[in-house]
Amino acid sequence: MYTLFSENFNLDYTLECGQVFRWNYIDEWWTGVVNGHVARLQQDSKSGEVLVDSKLPKSFFENYFRFDDDLDAILNEVNKDEFMAEAIRKYMGLRLIRQEPWECLISYMLATAWSIPNIKRAISMMCSSYGEVIEEGYYSFPEPHSLVHACDDDLRGCKLGFRAGRVIKAARHVEEGNLVLDEIFNLDYNAAKQKLMFLEGIGEKVADCILLFAFEKMEAFPVDTHVEKVVKTVYGHHDFFNGNATKSKIGNWGRMYFGHYCGYAQQYFFYQKRLEGV
């Protein structure tokens, strides 16, 4: 075991805010599967130190939890009004997580029109069926070659529903080299978004989630029903919308209003909306 520490880091907010799906709070420890390993984390509420029980090195989690982000500076940049200030005051320490691209891609393809508990259950069942055993009850995330050879009915048995065929097609694109995920890092935001949206089942919101959480596109501003409601309620009077706040327009507004780190702003009021409503 070893400890992690960073100023302004809240492990609970970061892991329960809805950006990742393979962590669960069990007996006062956060237990999850990351990078092919099981990890157990616990934060001391007084010191802020995080105790880590994992074979993964300390440097992995420092990168995973984006300790290289200057959170104070980022939140100061996006703190544009009292609504945002309140979300920051309440949930300071929530950090974006730097996710593995392939797992993030498939996870958010499964997130379409589904609740977080359903997403977590489906991913867990898919991993137990197509991943490798790590330890009893825990499995790695399936590689593309494993899902390419899955049949639609078997994946539907993992409760994927209509998403099953989309997952197989995405795996085939990656396995055959039609989609090279590492190349997306080098594209600008708009080009990267279009690259993802050629896949069946990836619209603007899902593409923005993947770009924000896996590809360093901090200007991605995912707009789901939670964010749509917040923006229409709190910011809908802005001249930018001219009475027509579509989801696409809300995304453009978020980039304009909050700036380069709008993805952080989105995650703060997404979490606030989930917990408190508007």
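Above this text you will find the structure in question.
All figures in this text were calculated on a predicted structure; none of them were measured in a lab.

Draft legend 1. Up close: the overall build of the protein. Along its length, the protein carries 15 helices and seven strands. Scaling as 2.2 N^0.38, a compact globule of 278 residues should have a C-alpha radius of gyration of about 19 Å, and the protein matches this with 19 Å. Within the protein, the proportion of its 278 residues that are buried is 51%. When contacts within the protein are restricted to residue pairs at least 6 apart in sequence, long-range pairs at least 24 apart make up 66% of them. If you sum the accessible surface of the protein, you get close to 12600 Å²; carbon and sulfur atoms cover 46% of it. Here the protein carries 30 positive and 40 negative side-chain charges, and the mean point of each set is 6 Å from the other.

Draft legend 2. Main features of the packing of aromatic side chains. Within the structure shown, the criterion is met by 30 aromatic pairs. Taking 6.1 Å as the distance between ring centres and 70 degrees as the angle between the ring planes, the aromatic pair formed by Phe221 and Phe269 counts as edge-to-face. Here Phe221 is found in the loop between α12 (204–214) and α13 (225–235), whereas its partner Phe269 is found in helix α15 (residues 262–276), with 48 residues between them in sequence. Both residues of the pair, Phe221 and Phe269, count as buried. An aromatic cluster is present here, built from Phe83, Phe221, Tyr235, Phe240, Phe241, Trp253, Tyr257, Phe258 and Phe269 joined pairwise through their rings. Of note, Arg163 hangs over the ring of Trp114, and the distance from its end group to the ring centre comes to 3.8 Å.

Draft legend 3. Quick look at α13. Residues of α13 that are buried include every one of Val227, Glu228, Val230, Val231 and Tyr235, and no others. Down the axis of α13, the buried set is contained in an arc of 165 degrees. They therefore lie on one face. Residues of α13 that are buried sit in contact with α4 (82–91), α14 (247–258) and α15. Measuring from the backbone nitrogen of His226 back to the side-chain oxygen at the start of α13 gives 3.1 Å, which picks out Asp224 as the cap.

Draft legend 4. Molecular detail of the nonpolar core. Core analysis: the biggest nonpolar cluster contains 78 residues, and Leu105, Ile106, Leu155, Phe258 and Tyr268 have the highest contact counts within it. Looking at this core element by element, the count peaks at eight residues for α12. Among all residues touching Leu105, those that are not within four sequence positions of it are Leu179, Leu181, Leu196, Leu199, Ile202 and Ile210. The next biggest cluster of nonpolar side chains, apart from the first, holds 19 residues, and it includes Leu11, Leu15, Val34 and Val50.

Draft legend 5. Inspection of the environment of Ile97 at higher detail. The residue Ile97 is located in the loop between α4 and α5 (101–110) in this model. For the pair formed by Ile97 and Ala214, sequence separation is 117 residues and the distance between their alpha carbons is 8.2 Å. If we ignore the near neighbours within four places in the chain, the residues touching Ile97 are Thr14, Leu15, Gln19, Val20, Tyr64, Phe65, Arg66 and Phe213.

Procedures and definitions
Residues numbered from 1 in each chain as written. Predicted model: local features only at pLDDT ≥ 70, side-chain atom pairs only at ≥ 80, totals over all residues. Heavy atoms only, no water. Helix = DSSP H or I, 4+ residues; strand = E, 2+ residues; numbered from the N terminus. Rg over C-alpha atoms; globule rule 2.2 N^0.38 Å. Buried < 20%, exposed > 50% of the residue type's maximum accessible area, 1.4 Å probe, protein only. Contact = heavy atoms within 4.5 Å. Areas by Shrake-Rupley, 256 points an atom, 1.4 Å probe, with all protein chains shown as cover. Lys, Arg positive; Asp, Glu negative; His and termini not counted. Charge placed at Lys NZ, Arg CZ, Asp CG, Glu CD. Phe/Tyr/Trp six-rings, centres within 6.5 Å; stacked < 30°, edge-to-face > 60°. Lys NZ or Arg CZ within 6 Å of the ring centre and 35° of its normal. Arc of directions from axis to C-beta. Polar contact = N/O pair within 3.5 Å; in protein donor to acceptor, adjacent residues only side chain to side chain. Core = buried A, V, L, I, M, F, W, Y, C linked by side-chain atoms within 4.5 Å.

Any functional reading would require information beyond the geometric quantities listed.
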